[in-house]
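What follows is the residue order along each chain.
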Amino acid sequence: MKVQQISIFIENKSGRLAEVARVLGEKGVNIRALSLADTSDFGILRLIVDNTDVAKDILKASGFTVSKTEVVAVEVPDQPGGLSSILGVLDEAKVNVEYMYAFVERNAGNAVIIFRFDETDDAIKVLQQKGISILPGDHIYGL
Amino acid sequence: MIWNEEFETLPREAIASLQAKRLQQTAERVYATVPFYQKQFDKAGFKPDQIKSLDDLKRIPFTLKQDMRDNYPYGLFAKPLDEIVRIHASSGTTGKPTVVGYTRRDIDNWTEMMARSFVAAGASRGDIIHNAYGYGLFTGGLGAHYGAEAIGASVIPMSGGNSKKQLMIMQDFGSTVLTCTPSYSLYLAEIAAEEGIDIRKLKLRVGILGAEPWTEKLRDEIQEKVGIKAIDIYGLSEILGPGVGIECIEAQNGLHIWEDHFIPEIIDPNTGDILPDGEQGELVISTITKEGIPMLRYRTRDITRIIAEPCICGRTHRRLARMCGRTDDMLIIRGVNVFPSQIESVLMDIEGVEPHYVLIVNRDGNLDTLEVQVEVNEQTFSDEVKVLQSLSRTIEKEIKDLLGISCRIRLVEPKTIARSEGKAQRVIDNRPK
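The present account deals with the structure reproduced in this document.

The rules behind the values
Residues numbered from 1 in each chain as written. Chains lettered and ligands numbered in written order. Predicted model: local features only at pLDDT ≥ 70, side-chain atom pairs only at ≥ 80, totals over all residues. Heavy atoms only, no water. Helix = DSSP H or I, 4+ residues; strand = E, 2+ residues; numbered from the N terminus. Buried < 20%, exposed > 50% of the residue type's maximum accessible area, 1.4 Å probe, protein only. 1 Å grid on protein atoms, 1.4 Å probe; cavity = no way out; pocket = protein on both sides within 12 Å on 5 of 7 lines; lining within 4 Å. Points joined across faces, edges and corners; volume = space filled by probe spheres on them. Nonpolar A, V, L, I, M, F, W, Y, C, P; charged D, E, K, R; others polar. Pairing = 2+ DSSP bridges. Right-handed = clockwise from strand over helix to strand, strands pointing away. Axes fitted to C-alpha atoms, helices over the stretch in contact; angles between N-to-C directions. Parallel < 35°, antiparallel > 145°, perpendicular 65-115°, else oblique. Left-handed = near helix turned anticlockwise from the far one by under 90°. Contact = heavy atoms within 4.5 Å. Polar contact = N/O pair within 3.5 Å; in protein donor to acceptor, adjacent residues only side chain to side chain.

### As for unusual backbone geometry
All names here are of chain B.
Move 1: In this structure, Pro73 follows Tyr72 across a cis peptide bond, with omega equal to -10°.
Move 2: Along the polypeptide, Pro73 turns up in the loop between helix H4 (65-70) and strand E1 (84-89).
Move 3: With a phi angle near 45°, Gln252 is a residue other than glycine that sits in the positive phi range.
Move 4: One can find Gln252 in the loop between strand E8 (241-247) and strand E9 (255-257).
Move 5: Located in the positive-phi region is Arg301, a residue other than glycine, with phi close to 70°.
Move 6: By the element assignment, Arg301 lies in strand E12 (residues 298-304).
Move 7: The class for Arg301 is buried, based on a relative accessible area of 13%.

If you want it as structure tokens, here you go:
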């Protein structure tokens, strides 16, 4: 029920983001989803890719600091109120969201929201109880 | 083990009387042969034959690095060049290099002091000494080399640089003792890890590390990561080169300074007043056996204190506490004295933080600003911004608590701070001079 995400430390200077993309592209790693959190000094690039372990190894070999985290992918209908209903459920159950990002699935017409919770397993239980559709990792990697 | 039992364990009174006699001889010799010293004594209204005891040392004026520059290249030599068998020079990064000359006897004495140092550090004739100090104008390489040969060890004259080759030789030749700067020993451990070599599993057991100030925390880190006993060695070319002082492996606490060759004093760097044993200040050294270029009351600019208590190793020569910086490394930021080593000790106290850092000082209007660049690594990195920001704030707070000044931490990517194969560059001061 969990999705593997890799995070990369990126110093705030020109060319670093491009370097990550170049390294991954060269080795044929496909990026499924990404988000960038930035501060004035540095950014944290979070990626979901088709092959997490390969991506992690080649980025490390290129000198990047990389970590692997488990996130949860939730599917909601791509329509007004879709996100709101999910957040309402989480709020009610007092589940804390560290960060999130979203994208729209190409074919199904649904939105996929990636959540990073501090208590991932508890969050999954809450979502399941409310019948919310959680996408398995393989589904996301293979998009 | 002690290399020269007789001299290294000389009773204190015998050391003092030997020092007084040798001081007087040195003073008389330089007064007769070096115009600079003649002027110094005359200015002070004092003649070398008035030196009756060690107490009279304080009447001799200080000698400064600038005096060496003013007398560049040979002006302070007390022997004609045909008696000089070796010339070394400092790197001269802050001006003309300072030049030193050694007579045959100077080289013999230096070799003796380096031999004592190696043995104090636990080395012996059975060792393979991997000498990664630079060979050349710098005194480190040749100084260590002669001492290593004198104790009968097998010395590998590696010199600095070419780290992968250093590791290959270390592995293949079975090096047991490493001589280099402390920062370089860690750098070698890093390169080893990249090459898939476990440096801790090699035969290395002792590192004799010097030529830059370091901290106890860094010692712990080196001992852990390189898998060696890390021994601090002290020296400076103006006085001798490496081997002026060494920690003994028994105590690993303070560097024995060879008092049959040198007289150490600690002064207040601002007033020049002599400070009592145990108080921290600038180290001043007089050489009392040197022939080529004797130095009377040379201000080393190194900050330390004298440990007068007897040492468990049995040597009677007093110890200098680990150098905690140099008066010219000292930054004055918003009126506060800051030594890079203080920042280092803060960083090393924080779990997971690397000892690689650079201090960048700027002036914004009339205000000095300090930025400390610290490398992120796998241990400190997180996918959450707040975790990294809290790491920055923790470091900022610790520095503020210790030094009373605020600074800004900038987290940078791993291995982006330049690694030095010689002396680490820790400070970039962009303030207008």
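### A short note on empty space enclosed by the protein
Residue and element names in this part refer to chain B.
Move 1: One pass over the full model with this rule turns up 2 cavities of 30 Å³ or more.
Move 2: In this model, the second largest cavity occupies a volume close to 30 Å³.
Move 3: Lining the second largest cavity are Asp106, Asn109, Met113, Leu240, His261, Phe262, Thr289 and Lys290.
Move 4: Among the elements that line the lining of the second largest cavity, the one with the most residues is helix H5 (residues 104-120), at 3 residues.
Move 5: Of the residues in the lining of the second largest cavity, the class split is 3 nonpolar, 3 polar and 2 charged.

### Comments concerning the pairing of strand E19 (residues 408-412) of chain B
Residues and elements named next belong to chain B.
Move 1: E19 sits mainly inside the fold: 4 of its 5 residues count as buried.
Move 2: Where strand E18 (residues 367-375) lies against E19, 5 bridges are found, and the strand directions are parallel. If you follow Val374 over to E19, its bridge partner there is Leu411.
Move 3: Where the polypeptide runs from E18 across helix H11 (residues 385-403) and back to E19, its parallel neighbour, the crossover connection is right-handed.

### Some points on the packing of helix H2 (residues 12-33) of chain B against helix H3 (residues 35-44) of chain B
All names here are of chain B.
Move 1: At a minimum axis distance of 6 Å, the contact between H2 and H3 shows a crossing angle of 110°. Between H2 and H3, the interaxial angle falls into the category roughly perpendicular. Pair H2 / H3 crosses with left-handed handedness. Here Ala27, Val30, Tyr31 and Thr33 of H2 lie close against H3, whose contacting residues are Pro35, Tyr37, Gln38, Phe41 and Asp42.

### Some remarks on the environment of Glu105(A)
Residues and elements named next belong to chain A.
Move 1: Relative to the elements of secondary structure, Glu105 occurs in the loop between strand E5 (97-104) and strand E6 (110-117).
Move 2: Separated by 33 residues in the primary sequence, Glu105 and Val72 place their C-alpha atoms 16 Å from one another.
Move 3: Setting aside its immediate chain neighbours within four residues, Glu105 contacts Glu75, Asn110, Val112, His139 and Leu143.
Move 4: In terms of polar contacts, Glu105 uses its side chain to reach the side chain of His139, at 3.1 Å.

### Focus: the layout of surface pockets
Gaps between atoms show up when a probe of the same size as a water molecule is rolled over them.
Residues and elements named next belong to chain B.
Move 1: Estimated volume of the second largest pocket: approximately 820 Å³.
Move 2: The wall of the second largest pocket is formed by 31 residues, among which Glu190, Lys225, Glu354, Asn377 and Lys415 lie closest to the centre.
Move 3: Tallying contributions element by element places helix H8 (residues 182-194) first for the lining of the second largest pocket, with 5 residues.
Move 4: In the lining of the second largest pocket, the residues fall into 11 nonpolar, 6 polar and 14 charged.

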